[in-house]
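Examination of the molecular architecture
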Amino acid sequence: MGKTMRQTTLETLGLGTVGAMFRHGRPPVTSADLVDRVFGNSGQRGSMVISGANGIVGAGKTMQLGARLEPFGVRMVALDFPNAPDGIGKQYPGLVQAFGPDGANRIMANITRMNYDGRTLPGELKQMRPRFLLEAIPEVLDVKRAHYKIFRDAFPDIEIRSVTSGFPSSELGVGIAHPAFPHEINKIWEVVEPEPSPVSQLLWALGLIPVPVSDHWSFVLDVLFCGVTLAGLRYHDASNMPFWKVDKFVRKLLGPNPFRAHDAIGAQGANFLTWSCLHHLAQRYGAVFTPSAVLEERKTTGQNWYPPNHFRPLVDWKLDDGRAAEFQTWILGPMFQMTSLMLHERRGHLAHLNAIGELCAQFRRGILAVMRAAGPDAVIETVEAYHRLHPQAAGAAWHPDAFASMESPEWQQLYVNAEHDDGVGVVTISRESYNGDVDAELNRALDWLKVEGIERVILTGDFHLSTQLVGADTAEFYPALQNADAGYGIASAWSRTARRLNDEFEVSVACVNGKRCLGGMLELLMHCHYVVAVDDAQLGMPEVTLPVVPGMEGCHWPFRKAPSDDWPKLLQLLLGGRPVRARDAVGWLIDYAGSLGDVLQTAWTIASKGKHGLERRKVERGALKGVPTDVPGLPEPDAPVAFEARKAIVGCIQDACGAKLGDALAVQAKRSADFMTSKWCQTGVVGTEYTKTMVV
């Protein structure tokens, strides 16, 4: 592409731009080619060794990588001490659930388990021709270095990556591939290497998410995760609030439950890892990272942070306005200060720094998005207020100048990017769920393309951080549960953004490149003139299961584009809540389905005015007549809340479809907003999550 709003994250992996993928009609690399480069050609494949394979990380990654490499004939070698607990065996039920008994057995049969004494390698390992070692042994620097030496002495050309949580590559002498928890399913890997390598590109090609970060202590994830844990500990020390209650307020403020997470991971190991990261960070950067006394104690004892339920006092511990402000300072102050350090050191692409907090540390919004919303002055004031509460943290590792560029495209486009080649624009969304940040950034991206004179556009995921588009971020609905005006504001504003794709461009093409596109994201993409999707993508409208009434015109827009004979299919989609495969939705929901290469080529052909043979489905602007109110064969609702949800969605469909297009947006927005304030929504998934998160 000729011009971009900001660097694409794919470029940090040496994979070019998303626009280039569409223009060339294929991904930049294939898993088959990269398997050949990393493990050798078919018939002469080497193996992948995971050391410490029975530990939490090692076992999880043995499963995740083993499932992906088995079809290519790459043997997995699981290496550990003979007395290590069977962590791999514990993964088998999860494999059965994901791949079925036959698939699980095939994957397990491709794993060879070997024992060693930590000083010498098993003689039979040579027969496996190891080409790649993923090291997942305990976090002891000298032990790790000795481990690499015995492998390099035996296999001089072997590629080595460490899963370390904190030691830099410069200390270890090997590259880093630090995976996020939970290790069986989380696809994020923080990668440290001098330049993009076939190893990290292979992870991408296998459907994982490698994220390049700089070679600094504890990388990004553990600065954020260990940092928010330490912030909670400092507030505990200042207030004597119990850890489980601190967790609840941290969740309300930012999203994560750091103490609960330690217990879930396993406090024995997690406490030590958090202490280790903070200990080394403090040695390098100062007191803002110094572990608290209770963490010093529990890194040895491995004691859980949460007591049993029956030992938690039923105390309605509220914070008045003054104490709530102080709590925010204790938590946000160090988080902002630590982030200033990472920005100062240029630890990664800003979109990466932001996404790691969301995808790995469970922040509702990435830390950069939180800071951007506050503005640089408020961020600096918060840190200065924290220094008054905790003077030891002042001075070192504080870089307020890091916020001077907050108006730059790198800061302003954390989730949405745009690029063009003077003819076709490509807009990419890197967040899996739609929220106010994405909405604002999408509008800025569309504005930028218009200023650049672009009239033909493709809208898609970013082929990196967003492997799926799951719908609206339901946390955005929390204010709407108590205030219908807030709900109306969200639904109408987001719908107006979506309509820009239909109204303001000569041609717009939505491309579903991930494994699913649901709810609000599907509603957004349906506003494009054409929708193309990989044929096995799941497309659905699960709002009825939450329950909410779709607010981005899903109750009338697809009806206006589909033949009337297919309206029952749309009603089934909305009232049943079950997705359909893209290949089964052609003609009534989308316009084309095929392989990824075919979809890329088709989207580009449409957008670049090539011959594509697809008829553009027009949007009916008048009122629709004869839209059905029920679907034969749809199972009866199993609870009153499901009955009321269907009733509300049918009412919205009838009213919005029965209105002219110019009036339907407001009709649907009001219907959606009114239902959010109902007891049915408030006792459903969204309302329950709101109570659990915000009513502390």
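Keep in mind that what you see is a predicted model, and the values were worked out from it rather than measured.

So, how was this worked out
- Residues numbered from 1 in each chain as written.
- Predicted model: local features only at pLDDT ≥ 70, side-chain atom pairs only at ≥ 80, totals over all residues.
- Heavy atoms only, no water.
- Pairing = 2+ DSSP bridges.
- Helix = DSSP H or I, 4+ residues; strand = E, 2+ residues; numbered from the N terminus.
- Right-handed = clockwise from strand over helix to strand, strands pointing away.
- Domains from an automatic or database assignment.
- Contact = heavy atoms within 4.5 Å.
- Buried area = accessible area lost by both parts, 1.4 Å probe.
- Salt bridge = Lys/Arg side-chain N within 4 Å of Asp/Glu carboxyl O.
- Polar contact = N/O pair within 3.5 Å; in protein donor to acceptor, adjacent residues only side chain to side chain.
- Nonpolar A, V, L, I, M, F, W, Y, C, P; charged D, E, K, R; others polar.
- Core = buried A, V, L, I, M, F, W, Y, C linked by side-chain atoms within 4.5 Å.
- Buried < 20%, exposed > 50% of the residue type's maximum accessible area, 1.4 Å probe, protein only.
- Phe/Tyr/Trp six-rings, centres within 6.5 Å; stacked < 30°, edge-to-face > 60°.
- Lys NZ or Arg CZ within 6 Å of the ring centre and 35° of its normal.
- Expected span 1.5 Å × (residues − 1).
- Axes fitted to C-alpha atoms, helices over the stretch in contact; angles between N-to-C directions.
- Parallel < 35°, antiparallel > 145°, perpendicular 65-115°, else oblique.
- Left-handed = near helix turned anticlockwise from the far one by under 90°.

Moving on, we get to the pairing of strand β9 (residues 209-212). For strand β8 (residues 188-192) and β9, the ladder comprises four bridges, and the chain directions are parallel. When the sheet's bridge partners are listed, Trp189 is paired in β9 with Pro210. Following the backbone out of β8, through helix α7 (residues 198-205) and into the adjacent parallel β9, one traces a crossover that is right-handed.

Domain annotation for the chain reports domain 1 (46-212), domain 2 (220-409) and domain 3 (415-694). For domain 2 versus domain 3, the separation of C-alpha centres amounts to 36 Å. Taken together, the contact between domain 2 and domain 3 spans 14 residues of the former and 14 residues of the latter. Together domain 2 and domain 3 conceal approximately 1100 Å² of surface at their shared face, both sides included; 44% is due to carbon and sulfur atoms. Inspection of the domain 2/domain 3 interface yields five salt bridges. The residue Arg372 makes a salt bridge to Glu441 at a minimum N-O spacing of 2.8 Å. Counting across the interface, domain 2 meets domain 3 through 10 residue pairs in polar contact (both at pLDDT 80 or more). The element best represented in the side of domain 2 that touches domain 3 is helix α14 (residues 350-359), accounting for six residues. The residue makeup of the side of domain 2 that touches domain 3, split by class, is four nonpolar, three polar and seven charged.

Of all hydrophobic cores here, the largest spans 232 residues; its most connected members are Phe289 and Leu524. Excluding residues that lie within four positions of it along the chain, Leu524 makes contacts with Ile429, Tyr434, Leu442, Leu459, Ala498, Leu501 and Met552.

In this section: the environment of Gly302. Tracing the chain through its elements places Gly302 in the loop between α12 (293-301) and α13 (321-344). Between the C-alpha atom of Gly302 and that of Asp630, which follows or precedes it by 328 residues, the distance is 57 Å. In this structure Gly302 touches Ala267, Gln268 and Asn271, once residues within four positions along its chain are discounted.

Here we come to the side chain of Glu441. Among the structural elements, Glu441 can be located in helix α18 (residues 436-451). Exposure remark for Glu441: the relative accessible area of 0% places this residue in the buried category. The contact partners of Glu441, leaving out residues within four places of it in the chain, are Arg372, Gln412, Gln413, Leu414, Tyr415 and Val416.

Between side chains of opposite charge, a pair can form when the charged atoms approach closely. Under the criterion given, the structure shown has 29 salt bridges. Across the pair Asp437 and Arg372 runs a salt bridge whose closest N-O atoms are separated by 3.4 Å. Remark: Arg372 occurs in helix α15 (residues 367-374) and Asp437 occurs in helix α18; sequence separation between them is 65 residues. On the basis of relative accessible area, Arg372 is assigned to the buried category, the value being 13%. A single network of salt bridges, built from pairs that share partners, joins Arg365, Arg372, Asp437 and Glu441.

This part is about the packing of aromatic side chains. Counted by the stated rule, this structure contains 17 aromatic pairs. Between Phe559 and Trp567, the aromatic rings sit 6.4 Å apart at their centres with planes inclined by 65°, giving edge-to-face as the arrangement. Of the residues examined, Phe559 reaches a relative accessible area of 1% and is grouped as buried. Taking the relative accessible area as the measure of exposure, Trp567 reaches 7% and is therefore buried. Of the aromatic side chains, those joined through ring pairs into one cluster are Tyr235, Phe249 and Phe327. Stacked on the ring of Trp275, the Lys or Arg Lys299 has its end atom at 4.3 Å from the ring centre. The positively charged end of Lys450 is found above the aromatic ring belonging to Phe505, 5.0 Å away from the centroid.

In a regular helix each residue adds 1.5 Å, so 14 residues correspond to 20 Å; helix α5 (residues 141-154) covers 21 Å between its end C-alpha atoms and thus fits that length. Every buried residue belonging to α5 is among Leu141, Lys144, His147, Tyr148, Ile150 and Phe151, and all of these are buried. Looking at the buried side of α5, the elements it contacts are β2 (47-51), β3 (76-80), β5 (130-135), β6 (159-162) and α6 (169-172).

Where helix α24 (residues 640-657) contacts helix α25 (residues 661-676), the axes come no closer than 9 Å and their chain directions differ by 165°. Here α24 lies roughly antiparallel to α25, going by the angle between them. Here the hand of the crossing between α24 and α25 comes out right-handed. Where α24 abuts α25, its residues Glu644, Ala645, Ala648, Gly651, Cys652, Asp655 and Ala656 lie against Ala664, Val667, Gln668, Arg671 and Phe675.

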